[in-house]
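Architecture at a glance
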Amino acid sequence: MENVVGDRVLIAVQAVNISRLSTHPVPTVPGTLIVVAGAGPKDSNGAGKSSFIASITALLGDEQWRFASGAKAVSELLFNAELASGAGARQWASADHGYIVGVFAPADMEDFSGTPSVDAVAGDDGELFEVPADSGGAVTVWLRVNQEAPHLEIRWRDGVHLAAAASEAERVARADELWASLPRSAGRRDVVARDLTKVLYGDRVRCVSFLSTSVRSKVATNLLSQPLNEISPERVFEAIAALTGLDAELEQEREARRDEHAKRVRAAQAGDRLGEFEAESKALLATFDRRDQARVRLAEALRSWRGRQARRLADAAGRDQALAAESARHGAAGEAAAEAIAMVKAEIATLKDDTLDRRVTEARRELATLQARAAKLDADRAVAENSADELRGMIPALEETRRFADGRDVPAAERELKEVGLRLNEALKALGVADREVASAQGALDDAEGGPAAAQLNALAAAGVDGTGLLDALDVAEQARDHAHGKGGSSGPAGRAGAGQGGDLGLDELRGWPGEHAVIVDAAQLDAAAAALIGLPGSVLVSAAGVSVVGAFDGVATGREARIKAAEQRLNRAMDIQETAAQAVRDGEEAVAQAQHRLEGARAGVRLEELERRLGERRARLGELTAALEELVPRVAEAERQAGALDFRARTRDMEIERLEGRRQRHETERAQAREQEAKVGGEREALRLDALAAEWGGTVETAGEWVRALPEDERARTADEWWRAAERHLDEALRDTFPQEEDEVPEELRFLLRERAGSTAREQATFAAVCGSLASYLRGQEEYEKHQRRQIEAQVVSRQRDLAAADKGAEEAAQSTAVHRAALTAAIRARLTRVAEEFEKLDSSYGGYGATLEFPVPPAPADPEQRWQWRVTPKWRRGEGQGYVPYNRRANTALMDEKAVKLVCAAAIASSGGGHLCLVLDELGRNLGKEHRREAVALFRRIGETYGITVIGALQDDMEPYAIDACGQYIKLRRSSDAMPYNEPPVIVGHDQHADRVRALAAYVDRTAEGVTAEG
């Protein structure tokens, strides 16, 4: 359910256990000014005015209570015995809950059933009086205020349901009974604070307030608490924001900036943690890598040692076979040797056929061709990839610039730039004209202040004679001035003599007098003055002794004050026009800058389309090159395989030819030396020690031969000594990799073996196997630990990289969200302030002004996430018909400032209402107003409220009461006669309402339930 109250207006409010307020219901007259006065033990303080109006703002959903956060501050309104009664707190208990009850009725409801029956008052329903069913009906809303969460619970029922009883205690008990009888507003539970405005008012603004007391922790700037021109533009905006609900949205924007900053900090911290971990892990991984390399080198050492043993056995076996064959051949006849030689020669001839060489050459040529083609394709692909990367790198900057175009193409942006440029030129011309007019008006003012007799007065002052300009002291009537122009003046000696003889001047002489250069001097200084003015013929000296005239002039200029005033008015008008022209120039310059940004964005869009087209071409080319390269790679591999196989066969053939040549030579030598070498061969075969070598090898001669033949070609020809040197080298490297530092902890067994093997090659060879076995055992023991550590480090790196990526993504999303939120908030603030400016203009024009507006440039967002986005609002108004707007901080009379402040507050309230009924609540009403303006300001509040349907509720101090009581639409006075009394006495209420029946019904209820309460309809 939403918008339960709808278009109904508040007609009565009852507070139970709220501060020290009485539980008597208080009728309210909607659409007018309601003033709340107080009578405490000493003065108006302590009567509960602030608590009363604060409870109304909570009932009407004023967002400054922060309902979305639970509205905990509302619980501070509950009755506190210590604060309410001082020492009497021991006799009274603080309230853990209370009620704020409001009766809402249609604004146009005219029929009430009158005084309720006793049964209606005391019955279970508790309905105060009936209302007609066809009127839309009244509804009573109950807010239960709790000390503990939930701090607000809301229920409602159609009709008028207030706690009625004869005493305060009985009304408190009756309130609990009525609350229990009301249906739960949200099914099985009650509506709480966060849903109050949506459920009761459909998210419409029903109340804005200035509570400049300690009722709430956050106090908004009150535009009525001090002269308007003493409030800065920033504080003016804060006040309007509080009235229109913009302060909550600004706080949301600051929270978005805080979130963005926090996420950026987290991303930086994640990057730092990843870097630190990688640096710490690098040394450990390097140690693991060295040990892995040690294992490889140890295996190579053992393999080389095995190669030495195999080579020794194979060599000895071969030698033994050669010696045996040699011995057999020694006894053979020469014919057998010759036959063997012939056969060898035949084999050599067969092997030297060039067919294999031709195939090798052809295979190498084919391989070189394919490799060259593959290299070219790979180079072309690298060029295409670099070109595509360069194009992609240019796209983000162009996309960022294109956003400035706001959907405009290049021609449209150029036209717009040209148009605003023309307007700027026109504004500059107008500013130049205004500047010249100001200079001219300033010169005229300086001339007027100097006066017509300035030269004469300067000359007298230089001579030490005191004098005053006659025309600066006189204002000549128009008929006298006209007569002086018609009659002319006298000059020369005759005129001077006549004046001296005549004594006093007559009216005719004054009218013909050339007084433009006349000065007044003392009669005793007349001669000294005449001598001082000898160089200024036409000067006139006036004294008690007569008038001395030196020449005469045609015109008479009098009235210095009038001339100065006219010159000042001209200068003021010129300065106002100059300010308007300067503002137009500034607006034009801003428009030109914005149009230039849009043109740059449009051009960036064209460039971006071209880059995207070129990038598509590069991608297509890259795909073609990749496909061609993938197709060519298998062919290159096959060519390499074929060429390698043919090379291997050619090398094998060459070796076989060499071997056959050697055999042939041996056969020839053996045939001659057979008998001589037979005894020698027997001794050599004994010296070979084949059995001992086979034992060291651990196998037979055949297995050793097979092992050697399985070696790569480059290792097959190694000797036993070469295998030993290789084994020794690999073992030393393995030891250095395992224990790189001298202070490393070496196992005791290995340390002993290393000491034993030092000294000679024989000892090294004797202990080689034992050293390798001990080292291998140590490395095997470390291998599982190192593998586990590697897996942990890799997992940590992956996890931290994932955290860094998530933090970077979160920071980027937060930045985008902040930018979008700020753009939407800017539009909302401008729209809201524009609405306030429009209502300000209407109010000022309707109530005695010449028009007013607001100036609110959009400020840049602050870089500090804790700093509030500070806007500036400058109220302006016209001081005369047809004049330009003047800023509020220009010098003006106090009454004008007070009037504009009242209108600005009402304009903000009207703009917040959205066309519906609104309640404007003000604390310390008129505190800053002067005595001569208070009555007018209060009357203005009432007229605006009645015109726009705004209920204005204002709390006031004692000195405002005489001015407000006659000008308001309703008067409420809260009373508490002693500090020992925890609760107020019944209030005094004087109201004027067009619905007389409703007022009489409420008055009858108040009269019946509380003696001493006054209500007038």
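Residues numbered from 1 in each chain as written. Predicted model: local features only at pLDDT ≥ 70, side-chain atom pairs only at ≥ 80, totals over all residues. Heavy atoms only, no water.

**Looking at the packing of helix H21 (residues 720-738) against helix H22 (residues 748-757)**
Running from amino to carboxyl end, H21 crosses H22 at an angle of 140°, the nearest separation of the two axes being 14 Å. Here H21 lies oblique to H22, going by the angle between them. For the pair H21 and H22, the sense of crossing is left-handed. Here H21 contributes Glu 728, Leu 731, Asp 732 and Leu 735 to the contact with H22, which in turn contributes Leu 750, Leu 754 and Arg 757. Looking at the contact of H21 with H22 residue by residue, the classes come out as 4 nonpolar, no polar and 3 charged. (Axes fitted to C-alpha atoms, helices over the stretch in contact; angles between N-to-C directions. Helix = DSSP H or I, 4+ residues; strand = E, 2+ residues; numbered from the N terminus. Parallel < 35°, antiparallel > 145°, perpendicular 65-115°, else oblique. Left-handed = near helix turned anticlockwise from the far one by under 90°. Contact = heavy atoms within 4.5 Å. Nonpolar A, V, L, I, M, F, W, Y, C, P; charged D, E, K, R; others polar.)

**Re the sheet that holds strand E5 (residues 139-146)**
Overall, antiparallel pairing links the 6 strands, which are arranged E2-E1-E4-E5-E6-E7 in an open sheet. With one partner strand each, in any of the chains shown, strand E2 (26-27) and strand E7 (191-192) form the two edges of the open sheet. Across the sheet, helix H1 (residues 49-59) lies against strand E1 (9-16), E2, strand E4 (97-105) and E5, angled at about 65° from E4, the strand it touches most. (Pairing = 2+ DSSP bridges.)

**Considerations on the packing of aromatic side chains**
Scanning the entire structure with this criterion turns up 8 aromatic pairs. Ring geometry for Trp 305 versus Phe 768: centroids 4.8 Å apart, planes at 25°, classification stacked. Here the residue Trp 305 occupies a position in helix H7 (residues 246-330), and Phe 768 occupies one in helix H23 (residues 761-846), the gap between them amounting to 463 residues. Judged by centre distance (6.1 Å) and plane angle (65°), the ring pair of Trp 697 and Trp 707 falls under edge-to-face. Taken as a pair, Trp 697 in helix H18 (residues 690-697) and Trp 707 in helix H19 (residues 701-709) lie far apart in primary sequence, 10 residues in all. (Phe/Tyr/Trp six-rings, centres within 6.5 Å; stacked < 30°, edge-to-face > 60°.)

**With respect to the pattern of salt bridges**
If you walk through the whole model with that rule in mind, you get 26 salt bridges. Put simply, Arg 872 and Glu 234 hold a salt bridge, and the shortest N to O gap is 2.5 Å. Of this pair, Arg 872 sits in the loop between strand E13 (852-855) and strand E14 (874-878) while Glu 234 sits in helix H6 (residues 233-244), and the two are 638 residues apart along the sequence. We classify Arg 872 as partly exposed; its relative accessible area is 41%. (Salt bridge = Lys/Arg side-chain N within 4 Å of Asp/Glu carboxyl O. Buried < 20%, exposed > 50% of the residue type's maximum accessible area, 1.4 Å probe, protein only.)

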